[in-house]
Protein chains: 2
Amino acid sequence: MRTPPRRPTLADVAAQAGVSTALASIVMRDAPGASDATRRRVLDVADRLGYHPDSRARLLRSGRSRLLGVVFGVQHAFHGDLVTGLYEAAAPLRYELTLSAVTPRRDERTAIGGLLQDRCEALLVLGPQSPTSALATLASRLPVVALGREIRHRAVDVVRNADCQGLHQAVDHLVGLGHRRIVHVDGGRTPGTAERRRGYRDAMRRHGLEREIRVVPGGPTGEDGAAAAATLLDTVPPPEGPTAITVFNDLAATGVLDTLRRAGLSVPGDVSVVGYDDSRLARLTYLDLTTIAQDTATMTTLAIARAVARIEGQDVLQREQVIPPHLVVRGTTAPPPPAPSQIFGKTTAPGA
Amino acid sequence: MRTPPRRPTLADVAAQAGVSTALASIVMRDAPGASDATRRRVLDVADRLGYHPDSRARLLRSGRSRLLGVVFGVQHAFHGDLVTGLYEAAAPLRYELTLSAVTPRRDERTAIGGLLQDRCEALLVLGPQSPTSALATLASRLPVVALGREIRHRAVDVVRNADCQGLHQAVDHLVGLGHRRIVHVDGGRTPGTAERRRGYRDAMRRHGLEREIRVVPGGPTGEDGAAAAATLLDTVPPPEGPTAITVFNDLAATGVLDTLRRAGLSVPGDVSVVGYDDSRLARLTYLDLTTIAQDTATMTTLAIARAVARIEGQDVLQREQVIPPHLVVRGTTAPPPPAPSQIFGKTTAPGA
DNA sequence: ATGAAAGCGCTAACAA
DNA sequence: TTGTTAGCGCTTTCAT
């Protein structure tokens, strides 16, 4: 009762349709050189038989795979957004994607290895963790595009977010609202941390707020944000308490929000908070987080375009493409409270 | 300066090593029938040339692909957990996974189509959205295993969570802590909602609490949870306010938590909250959410085992495998507050 | 232990 | 428009 194990081949289709395999191939590939009648007949049979071309054989023969390998982290919500964009960008160029996941127990090396066996023509690595040298070696075999992390090697293409600029926007927004005591919770050892921190510092200076610059060590997770906020609540004496916090990313920002609110503070009434990434966390929940959105559509389009350009041997002008992000104002930012002081410190009575 | 476009083939390796391709093949596959000296020499050359076997050619020839297709949603954090488990379960059986993502703009049909061309030997679909009929048609061509959704068709294998039982555990836990007024925020139109709701009702009855049964319409998102909690705060008169809430999933539970805390209530001091899934949300953040964990390790192992069993034509006893989840106690559940009333409602009036 | 030869399903020349 | 032929990179008999 269960299916015959063998799937139909092109030869089966051709035979049933009474044509040669070559002709059937032409039809299946939608290539010129077959009459409409034949075309219909072949497609008909193919459909009836449930025929699907064997990409392996097809690509083996044609020498090319038109396959782009994508390495991503199943963990990262943001990678999901990027993968979405990559699929869309690849389709019109008639390239396919094969995905290989990095999981807690499957490292990037393994993920890349799998892709190599699939004969991808280029590799797109989202937030690569491998050392530059490993990526460089790889890049000597096939085009490699790194997304979202700076790689300083001439053989590796890079498409990334202008982290620095993102924090300029966050600070500009807050200053525009009237904030002056703005702190930054950084990303710890996460890639991008240094740039975002620098962006924060530069922007503060530009606004003449160098004396207000204060960076709190943080990290990429919710706990990191929560811990940083707790530190802030504990250590900054009430008169100097910040009225706004820029956080390394959205997830950490949620940790900050939670700690603030548990301490009885209102966001954005008492303190404003800005995240980074515009992840689903910021968008899709009740959180309504003001954040800096990475332009995923542009980033993915450029990444695919670059990979294809390399594959097709076109000349490439700039190895690194840095895309400006943009501010998305939502509900966690507002003008600072009129009274300039009694915000931070442990002895703040919860709201009536 | 850029790499010669052609990658090394087995023939290249064989030539350089001074052996036949057949022998080189034996070495590369780690098959018996080659001397140690030869083995070393061939592997050496392969390494030096950066040779990676062409899986397409390899599998084309051997007639099998040992490839399992996985359809997953890039959106769903929980799918990330499952994919992680699937990779682990497949490796020891020497099967590979190829991933195909469902994104907001790439539907399940498309995702499955891609996999079919890759000549997977079976398909694992996480949380399938396709109609049963479509899955059934597919299953007539190759083994199909659905994860996490009930599919009523004899040709489709199913591995899923015992949703009903999960809510039993949640209610048992809360009752054990001394709660009686336990409400359930359901999942709206999300698959699994009905079962979880039923589990809640059954468990309440079993504890003689049928009069306390109260289901609030909810949904799978944070907003849904927040809205449901708001409704609860507004409508339930203070003396009857619940002391515990079981929520459809973790994400919605975070919405509930947020609303509760913004309303000045303490969790778990005033109200206990239990989620579902044990997603990273529950585990990895400051949230510390008590929840019902789906046993992803078992589910993925069974799913892979089932797919392989079907591929290898083994007899299968039960089409559907329903895995019991387990309670994970964290910080959002505690005994109910001593005073039985003044929890919900805007006017905190201690009843007599 | 090693090699020669055939062929997996398909596409690309070329011929008819 | 259609068919014939060769061969992609590899594994698999079957010799040696």
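Residues numbered from 1 in each chain as written. Chains lettered and ligands numbered in written order. Predicted model: local features only at pLDDT ≥ 70, side-chain atom pairs only at ≥ 80, totals over all residues. Heavy atoms only, no water.

An unreviewed UniProt entry lists chain A under the name LacI family DNA-binding transcriptional regulator, with Cryptosporangium minutisporangium given as the organism.

Right, let's talk about the UniProt feature "domain: HTH lacI-type" (unreviewed entry) in chain A for a bit. Using the residue numbers shown here, the UniProt feature "domain: HTH lacI-type" (unreviewed entry) corresponds to residues 8-62 of chain A. Counted over residues 8-62 of chain A, helix gives 69% and strand 0%. Its end C-alpha atoms are 20 Å apart. (UniProt positions renumbered as here; feature names shortened; annotations may be inferred. Helix = DSSP H or I, 4+ residues; strand = E, 2+ residues; numbered from the N terminus.)

All names here are of chain B. Along strand β2 (residues 96-102), 6 of the 7 residues are buried, which leaves the element largely enclosed by surrounding structure. Looking at chain direction, strand β1 (residues 67-73) and β2 are connected through 7 bridges and run parallel. Bridged to Gly69 within β2 is Thr98. After leaving β1, the chain enters helix α5 (residues 77-90) and then returns to the sheet as β2, a path that is right-handed. (Buried < 20%, exposed > 50% of the residue type's maximum accessible area, 1.4 Å probe, protein only. Pairing = 2+ DSSP bridges. Right-handed = clockwise from strand over helix to strand, strands pointing away.)

This next bit is on the nonpolar core. Core analysis: the largest hydrophobic core is formed by 54 residues, its most contacted members being Leu99 of chain A together with Leu99 of chain B. When sequence neighbours within four positions are dropped, the list of residues in contact with Leu99 of chain B reads Phe72, Tyr87, Leu99 and Ala101 of chain A together with Val70, Phe72, Val83, Tyr87 and Leu115 of chain B. (Core = buried A, V, L, I, M, F, W, Y, C linked by side-chain atoms within 4.5 Å. Contact = heavy atoms within 4.5 Å.)

What follows concerns the protein's contact with DNA strand C. Close to DNA strand C lie 23 residues, the nearest being Leu10, Ser25, Tyr51 and Arg58 of chain A together with Arg61 of chain B. For DNA strand C, the backbone makes up 68% of the atoms found within 4 Å of the protein, where backbone means sugar plus phosphate. Leu10 of chain A has a polar backbone atom sitting 2.2 Å from a phosphate oxygen of DNA strand C. One of the side-chain nitrogen or oxygen atoms of Arg61 of chain B is found 2.9 Å away from a base nitrogen of DNA strand C. Ranked by the residues each element gives to the surface near DNA strand C, the list is headed by helix α4 (residues 55-62) of chain A, at 4 residues. In terms of residue class, the surface near DNA strand C is built from 11 nonpolar, 7 polar and 5 charged. (Near = heavy atom within 4 Å. Polar contact = N/O pair within 3.5 Å; in protein donor to acceptor, adjacent residues only side chain to side chain. Nonpolar A, V, L, I, M, F, W, Y, C, P; charged D, E, K, R; others polar.)

Our next topic: helix α10 (residues 222-235) of chain A. Spanning 14 residues, α10 of chain A covers 20 Å between terminal C-alpha atoms, matching the ideal 20 Å at 1.5 Å per step. Buried residues belonging to α10 of chain A abut β6 (182-185), β7 (215-216), β8 (244-247) and α11 (250-262) of chain A. (Expected span 1.5 Å × (residues − 1).)

By the element assignment, Asp118 of chain A lies in the loop between α6 (108-117) and β3 (122-126). Here the side chain of Asp118 of chain A touches Ser55 of chain B through a polar contact of 3.3 Å, side chain to side chain. Those residues in contact with Asp118 of chain A, other than ones at most four positions away along the chain, are Leu67 and Thr98 of chain A together with Ser55 and Arg56 of chain B.

Here we take up the packing of aromatic side chains. Under the criterion given, the structure shown has 1 aromatic pair over all chains. On the basis of an interplanar angle of 10° and a centroid distance of 6.2 Å, the ring pair of Phe72 of chain A and Phe72 of chain B is categorised as stacked. Of this pair, Phe72 of chain A sits in strand β1 (residues 67-73) while Phe72 of chain B sits in strand β1, on two different chains. For the residue pair Phe72 of chain A and Phe72 of chain B, the accessibility class agrees, reading buried in each case. Residue placement shows Arg196 of chain A over the ring face of Tyr276 of chain A; its charged tip is 3.7 Å from the ring centre. The side chain of Arg196 of chain B reaches across the aromatic face of Phe248 of chain B, ending 4.6 Å from its centre. (Phe/Tyr/Trp six-rings, centres within 6.5 Å; stacked < 30°, edge-to-face > 60°. Lys NZ or Arg CZ within 6 Å of the ring centre and 35° of its normal.)

Before going further, it helps to spend a moment on the domain arrangement of chain A. For chain A, the assigned domains are domain 1 (10-53), domain 2 (62-161 + 296-323) and domain 3 (163-289). Spacing between the C-alpha centres of domain 1 of chain A and domain 2 of chain A amounts to 35 Å. (Domains from an automatic or database assignment.)

Now for the relation of the copies chain B and chain A. Here chain B sits on chain A after a turn of 180° about the axis and a move of 0.2 Å along it, with an RMSD of 0.4 Å. Both copies are brought into coincidence by an operation consistent with a two-fold rotation axis. (Least-squares fit on C-alpha atoms with pLDDT ≥ 70 in both.)

What follows concerns the sheet that holds strand β6 (residues 182-185) of chain B. Residues and elements named next belong to chain B. Spatial ordering of the open sheet is given by β7-β6-β8-β9, a layout of 4 strands whose pairing is parallel. Looking at which strands have only one partner, the edges of the open sheet turn out to be β7 (215-216) and β9 (272-274). Where β6 and β7 come together, 2 bridges link them in parallel fashion. Within β7, the position partnered with His184 by the bridge is Val215. Its contacts with the sheet place helix α9 (residues 193-206) against β6, β7 and β8 (244-247), and it is angled at close to 170° to β6. (Axes fitted to C-alpha atoms, helices over the stretch in contact; angles between N-to-C directions.)

This part takes up the interface of chain B and chain A. Taken together, the contact between chain B and chain A spans 58 residues of the former and 55 residues of the latter. Summed over both partners, the interface of chain B with chain A comes to about 5500 Å²; 48% of that surface belongs to carbon and sulfur atoms. Counting across the interface, chain B meets chain A through 4 salt bridges. Asp258 of chain B is the partner of Arg261 of chain A in a salt bridge, and the nearest nitrogen-oxygen pair spans 3.9 Å. (Buried area = accessible area lost by both parts, 1.4 Å probe. Salt bridge = Lys/Arg side-chain N within 4 Å of Asp/Glu carboxyl O.)

Quick look at the protein's contact with DNA strand D now. By nearness alone, 22 residues border DNA strand D, and Arg61 of chain A together with Leu10, Ser25, Tyr51 and Arg58 of chain B come closest of all. A distance of 2.8 Å separates a phosphate oxygen of DNA strand D from a polar side-chain atom of Arg29 of chain B. Taking Ala57 of chain B, its main chain carries an N or O atom lying 3.3 Å from a base nitrogen of DNA strand D. Residue assignment for the surface near DNA strand D shows that the elements contributing at least two residues are α2 (21-28) and α4 of chain A together with α1 (10-17), α2 (21-29) and α4 (55-62) of chain B.

Our focus in this paragraph is α1 of chain B. All names here are of chain B. Within the sequence span of α1, burial applies to Val13, Ala14 and Ala17. What you see down the axis of α1 is that its buried residues fit within an arc of 95°, all on one side. Among the structural elements, α2 and α3 (36-49) are those in contact with the buried residues of α1. Where α1 begins, one side-chain oxygen reaches toward the backbone nitrogen of Ala11, 3.1 Å away; that side chain belongs to Thr9. Phi turns positive, to about 70°, at Gly18, one or two residues after α1. (Arc of directions from axis to C-beta.)

In this section: the pairing of β8 of chain A. All names here are of chain A. By the alternation rule, side chains of β8 split into Ala244 and Thr246 and Ile245 and Val247, which are all buried. Sheet topology note: the β6/β8 ladder contains 4 bridges and is parallel. Paired with Val183 across the bridge in β8 is Ile245. Two elements, β8 and strand β9 (residues 272-274), share 3 bridges in a ladder whose sense is parallel. Bridging across to β9, Ile245 finds its partner in Val273. Running through α11, the crossover from β8 to the neighbouring parallel element β9 is right-handed.

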